[in-house]
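# Structural description and commentary
Take a look at the letters that make up each chain.
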Amino acid sequence: MSLSSPAYSSSSMSAPLAAEPAGLKPVDSLETLQMLDDVQEWSVFSRPDSTTEGCWESNVMIEGMHCAACALTVEDALKSVPGVMSAAVSAGSQRARVVWNSQSVVPSRWMQAVSQSGYRAVPANDAFTRERRKVESRKALWRMMVAGLCMMQVMMYAYPAYVAAPGELSMEMEQLLRWASWVLTLPVIFFSCGPFFGNAWRDIVHRRVSMDLPVALGMLITFVVSTAGTFDPAGIFGREVYFDSLTMFVFFLLAGRWFELRLRDRTAGALESLMNRLPESVARQTGDGQFERVPVRRLQVGNVIRVLPGEAFPADGTVVRGQTSVDESLLTGESRPVARNVGDEVISGSHNLAAVVLVRVERLGAETRFAQIVSLMESASTTKPKLAKLADTIAKPFLIGVLIAAALSCAFWWHMDPERALMVAVSVLVVTCPCALSLATPAAMLSAAGALAHRGVLVRRLDAFEALAAVDTVMFDKTGTLTRDAMVLGKTTVRGGSDSQQALAMAAALAQHSLHPASRALMSAADQGRLIGLWRAADVNEIAGQGLSAAVYPESQPDQAAPMRLGSASFCGVAQAGSGVLQVFLSDQLGWLATFELQEDIRPDAVTTVSALKAAALDIHLLSGDASDAAQRVANQVGIAAYRGQCSPQDKLDFLRNAQLQGHKVAVVGDGLNDGPILAGAHASFAFGQAVPLAQAQADFLVSGSRLTDVAEAIALARRTLAVVRQNLWWAAIYNATCVPLAVAGMLPAWLAGIGMASSSLLVVLNALRLSGDRLREGKL
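Residues numbered from 1 in each chain as written. Predicted model: local features only at pLDDT ≥ 70, side-chain atom pairs only at ≥ 80, totals over all residues. Heavy atoms only, no water.

What follows is about the overall build of the chain. In terms of helices and strands, the chain carries 27 helices and 27 strands. With 781 residues in all, the chain has 55% of them scored as buried. Taking the contacts inside the chain whose residues are at least 6 apart along the sequence as the reference set, 69% of them involve residues at least 24 apart. Carbon and sulfur atoms make up 57% of the accessible area of the chain, which amounts to about 32800 Å² in all. (Helix = DSSP H or I, 4+ residues; strand = E, 2+ residues; numbered from the N terminus. Buried < 20%, exposed > 50% of the residue type's maximum accessible area, 1.4 Å probe, protein only. Contact = heavy atoms within 4.5 Å. Areas by Shrake-Rupley, 256 points an atom, 1.4 Å probe, with all protein chains shown as cover.)

Okay, structure coming up:
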């Protein structure tokens, strides 16, 4: 599949949607949406569903949502379209995942259903999504500024009525101040309140309820009552006007929503940062050696492209000319620039930092690791944890209850004071806020997922944070997890009278002619000791599975060449004693010369990671398919007391099930390649290493970097995330349980209700934002 596979280039949607910035066609017009029905365009924002033939999975942004009730409305609209198999909409990330059958429905049909419900669906990689959001943000800022300016003026005109003693303020002056306040409130009502009234009218037309409906009703009632008091001071509503309260709570609502949206963008910003990393076009080499600028989607495997400093690599490839430094931080978690020379691989989405390089394209689209990472993050951003599902379920009934409570409150107070009755109803409508409840869980988990993504840890599903925070046992695989794939030289034993350094230099002369892992380990050790090149080898012959033979001589002295062998005991004519470790032998004309014991290379941060997990009161186990003595050696080196070797995949699965039957919550850390069953069966799981096939891995968390401490940090972050979620839920519950009775009792003025509503959801998002900061401390839980 070409780079037009799952929506990974910001340029991909330029054709269907480019018209909007010029003002020619709105992005949700039928004509524009029908352009997406071309089969060639599907792969731009969708990917085939591997589980069902003929089905596609699309990720889209939903614009215009403000609360959980909005998300449920969009979900219902999508699910009502014949051919849509499933739909999941997240109010926290403003995204939707839609699975649809291409034989029954086309994209424009279900996108139009979203538009008809009052919202806008655009492909998640739409090149102009960010621009539209900037425009909307500027509009929101203008509305807030107009409301703030008018509020200050109205407060100035309302002040004399509050401080004047009886008789000090004449009727004419009071009426003049009311008229001035009314005039200054008009821009607030007709401009600043526009989104609230527009959304409320949409709800009425579609016979549903969202958070904007009770808010708009409160604003309208307050304005009508105050206008009646201004035009008819002697009427039932003439005793007092509330223009100051109206402008004040409109200002605070707009300010709260503006800050909330900006903060919400930050919590979910990791995904957008990734999706917008690919360039719109790239310089491709032509047959005559010249370069032409082409869209990224037109690249093919084998093309040679030129990547300038500051540009991102649009595909996986190999450097064919030049050398540079590359930033891979968002893809692997490696914060330092990585050197790339001729023959080295570069990965799609990484940034060229230093110099111009030519790259031959090797992989495109869905085959790149970048595409798989974006796919995983898109899926995670639309998943709903259990707590979020519960909050979403009660959102609509809660809003209906708000309307009923406001009506009952008005009816209760009406016979005493009609004007007061209406203002009590306004306070009830404005103060009740399910937004804080619905944002409590997804805001925190999206923030945590973004923080992990910046470190190269990808979250497959958000509800995995709940399970990870509860684990009390961590089970490690050995090879590829606690150890690296390569081996290192351990103990060296030599014949009496021989020097171990000279023996290693001789072995390196032979080993440099082989690609065997044991040869690479000897070469690495010799390179560290600066022994390479001290001895040379001629007439090298390698026998697969046995070893190497050659004439070895000191540098510049070929006349002193002597036959030597490097390899297995039988190949070198040596009697091997059982040691439980991999041994490589070196022999010469006199027989055995040296024995090199190779051992697995323990990751440098393995001890730190295990210590941090122990400090967090977690039980640590090591299960390995290797020999028991090899498992014991690694366990002793990293500080794990409970270990077991010679474990088959079924043995590991049995251990996991027994631990779970005993009530333990188990997290499993494996290499993701052969631990599929146990990773899938664990409460929470990590697939470790860059060799993991992301699309097939069964783990909840995918560690794409090389730091084992990311596992400990992820557990620490999961615990902090659940603590923040609980804080948010408690705050939302206490806020509503306290303020609603106060509003019903008439003890909460409308302006204070507006401040309370704005601050409730703002505090939830601010609290969640703490998780997205640089708070992952090495090894500290």
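This next bit is on unusual backbone geometry. The phi dihedral of Arg-530 is positive, around 55 degrees, even though this residue is not glycine. Considering the arrangement of structural elements, one finds Arg-530 in the loop between helix 20 (517-528) and strand 18 (535-543).

With 13 residues, helix 24 (residues 649-661) extends 18 Å from end C-alpha to end C-alpha; this agrees with the ideal 18 Å at 1.5 Å per step. Three or more residues of helix 24 are buried, namely Lys-652, Leu-653, Phe-655, Leu-656 and Ala-659. Each buried residue of helix 24 sits inside an arc of 160 degrees when the element is viewed along its axis, so together they form one side. One or two positions beyond helix 24, positive phi appears at Gly-663, with a value near 95 degrees. (Expected span 1.5 Å × (residues − 1). Arc of directions from axis to C-beta.)

Look at helix 7 (residues 171-192) against helix 9 (residues 212-231): their axes get within 10 Å of each other, and the N-to-C directions meet at 150 degrees. Taken together, the axes of helix 7 and helix 9 are roughly antiparallel relative to one another. Here the hand of the crossing between helix 7 and helix 9 comes out left-handed. On helix 9, the residues touching Gln-175, Arg-178, Trp-179, Trp-182, Thr-185, Leu-186 and Ile-189 of helix 7 are Phe-223, Thr-227, Gly-229, Thr-230 and Phe-231. Classifying every residue of the contact of helix 7 with helix 9 by side-chain character gives six nonpolar, five polar and one charged. (Axes fitted to C-alpha atoms, helices over the stretch in contact; angles between N-to-C directions. Parallel < 35°, antiparallel > 145°, perpendicular 65-115°, else oblique. Left-handed = near helix turned anticlockwise from the far one by under 90°. Nonpolar A, V, L, I, M, F, W, Y, C, P; charged D, E, K, R; others polar.)

Another point: the sheet that holds strand 11 (residues 338-340). Pairing within the open sheet is antiparallel, and its three strands lie in the order 11-10-13. Single-partner strands in this sheet number two, and they are strand 11 and strand 13 (351-352). Of the strand pairs in this sheet, strand 10 (residues 324-327) and strand 13 are connected by two bridges, and their pairing is antiparallel. Among the inter-strand pairings, Val-326 is bridged to a residue of strand 13, identified as Asn-352. (Pairing = 2+ DSSP bridges.)

Under the criterion given, the structure shown has eleven aromatic pairs. Between Trp-179 and Trp-182, the ring centres sit 5.7 Å apart and the planes meet at 80 degrees, which makes this aromatic pair edge-to-face. On the criterion of helical spacing, the pair formed by Trp-179 and Trp-182 is a turn pair, its members being three residues apart in helix 7. An angle of 20 degrees between the planes, with centres 5.0 Å apart, marks the rings of Phe-686 and Phe-701 as stacked. Of this pair, Phe-686 sits in strand 26 (residues 684-688) while Phe-701 sits in strand 27 (residues 701-703); the two residues are 15 residues apart in sequence, bridging distant segments of the chain. (Phe/Tyr/Trp six-rings, centres within 6.5 Å; stacked < 30°, edge-to-face > 60°.)

The next thing to look at is helix 27 (residues 750-769). Helix length check: helix 27, at 20 residues, gives a terminal C-alpha distance of 29 Å against a target of 28 Å (1.5 Å per residue), a fit within 8%. Of all 20 residues in helix 27, 14 are buried, a share of seventy percent or more.

Take the side chain of Asp-244 next. Residue position: Asp-244 is located in helix 10 (residues 243-267). Setting aside residues up to four positions removed in sequence, Asp-244 forms contacts with Val-154, Met-155, Ala-158 and Tyr-162.

Read across the open sheet, the seven strands follow the order 15-27-26-25-16-23-24; overall the sheet is mixed. Each of the sheet's edge strands pairs with one partner strand only, and the pair in question is strand 15 (457-459) and strand 24 (642-644). Adjacent strand axes in the sheet meet at a mean angle of 20 degrees when their direction is disregarded. Of the strand pairs in this sheet, strand 15 and strand 27 are connected by three bridges, and their pairing is antiparallel. Following the sheet pairing, Val-459 is matched in strand 27 by Phe-701. Sheet strands in contact with helix 24 are strand 16 (473-476), strand 23 (619-623), strand 24 and strand 25 (666-670), and its direction is about 160 degrees off that of strand 25. Packed onto the sheet, helix 26 (residues 709-744) meets strand 15, strand 16, strand 25, strand 26 and strand 27 and runs at close to 155 degrees relative to strand 26.

Turning next to the environment of Gly-83. Mapping Gly-83 onto the fold places it in the loop between helix 4 (68-79) and strand 3 (84-90). Residue classification places Gly-83 among the buried positions, given a relative accessible area of 16%. Each C-alpha atom, one on Gly-83 and one on Trp-110, is 9.0 Å from the other, the two residues being 27 residues apart in sequence. The contact partners of Gly-83, leaving out residues within four places of it in the chain, are Val-99, Trp-100, Asn-101, Ser-104 and Val-105.

Turning to the environment of Gln-502, a few remarks are in order. Inspection of the secondary structure assignment puts Gln-502 in helix 19 (residues 500-511). Among the residues examined, Gln-502 registers a relative accessible area of 33% and is labelled partly exposed. Sequence separation between Gln-502 and Ala-526 is 24 residues; the distance between their C-alpha atoms is 9.9 Å.

With that settled, consider the confidence of the model for the chain. Across the chain, the average pLDDT comes to 80, with 83% of residues at 70 or higher. Contacts from residues 1-27, a stretch scored under 50 in pLDDT, to residues over four places away or in other chains number 90 contacts. (pLDDT = per-residue confidence, 0-100.)

With that out of the way, let us pick up the pairing of strand 8 (residues 304-307). In this sheet, strand 8 lies alongside strand 6 (residues 281-285) in antiparallel orientation, the contact comprising two bridges. Pairing of Arg-284 across the sheet is with Ile-305, part of strand 8. Sheet topology places strand 8 next to strand 14 (residues 357-363); four bridges connect them, and they run antiparallel. Opposite Val-307, over in strand 14, you have Val-357 as the bridge partner.

Now for the pattern of salt bridges. Evaluated as defined, the whole model comprises 13 salt bridges. Residue Arg-495 is joined to Asp-588 by a salt bridge in which the shortest nitrogen-to-oxygen separation is 3.0 Å. Here Arg-495, found in the loop between strand 17 (483-494) and helix 19, pairs with Asp-588, found in strand 21 (residues 582-588); they are 93 residues apart in sequence, far enough to count as distant. By sharing partners, the salt bridges in this structure join Asp-316, Glu-345 and Arg-363 into a single network. (Salt bridge = Lys/Arg side-chain N within 4 Å of Asp/Glu carboxyl O.)

So, on to the packing of helix 26 against helix 27. At a minimum axis separation of 9 Å, helix 26 and helix 27 run at an interaxial angle of 170 degrees. With respect to helix 27, the axis of helix 26 lies roughly antiparallel. Contacts from Val-724, Gln-727, Asn-728, Trp-731 and Tyr-735 in helix 26 reach Ala-753, Gly-756, Met-757, Ser-760, Leu-763, Val-764, Asn-767 and Ala-768 in helix 27. Looking at the contact of helix 26 with helix 27, its residues break down into eight nonpolar, five polar and no charged.

Time to look at the nonpolar core. Counting 57 residues, the largest nonpolar core has Met-219, Phe-249, Val-250 and Leu-253 as its most contacted members. Setting aside its immediate chain neighbours within four residues, Val-250 contacts Ala-147, Val-188, Ser-192, Cys-193 and Met-219. (Core = buried A, V, L, I, M, F, W, Y, C linked by side-chain atoms within 4.5 Å.)

Now for the environment of Met-564. Here Met-564 is to be found in strand 20 (residues 562-567). Those residues in contact with Met-564 that lie beyond four places of it in its chain are Met-506, Leu-510, Leu-548, Ser-549, Ala-550, Val-552, Leu-586, Ser-587, Asp-588 and Leu-593.

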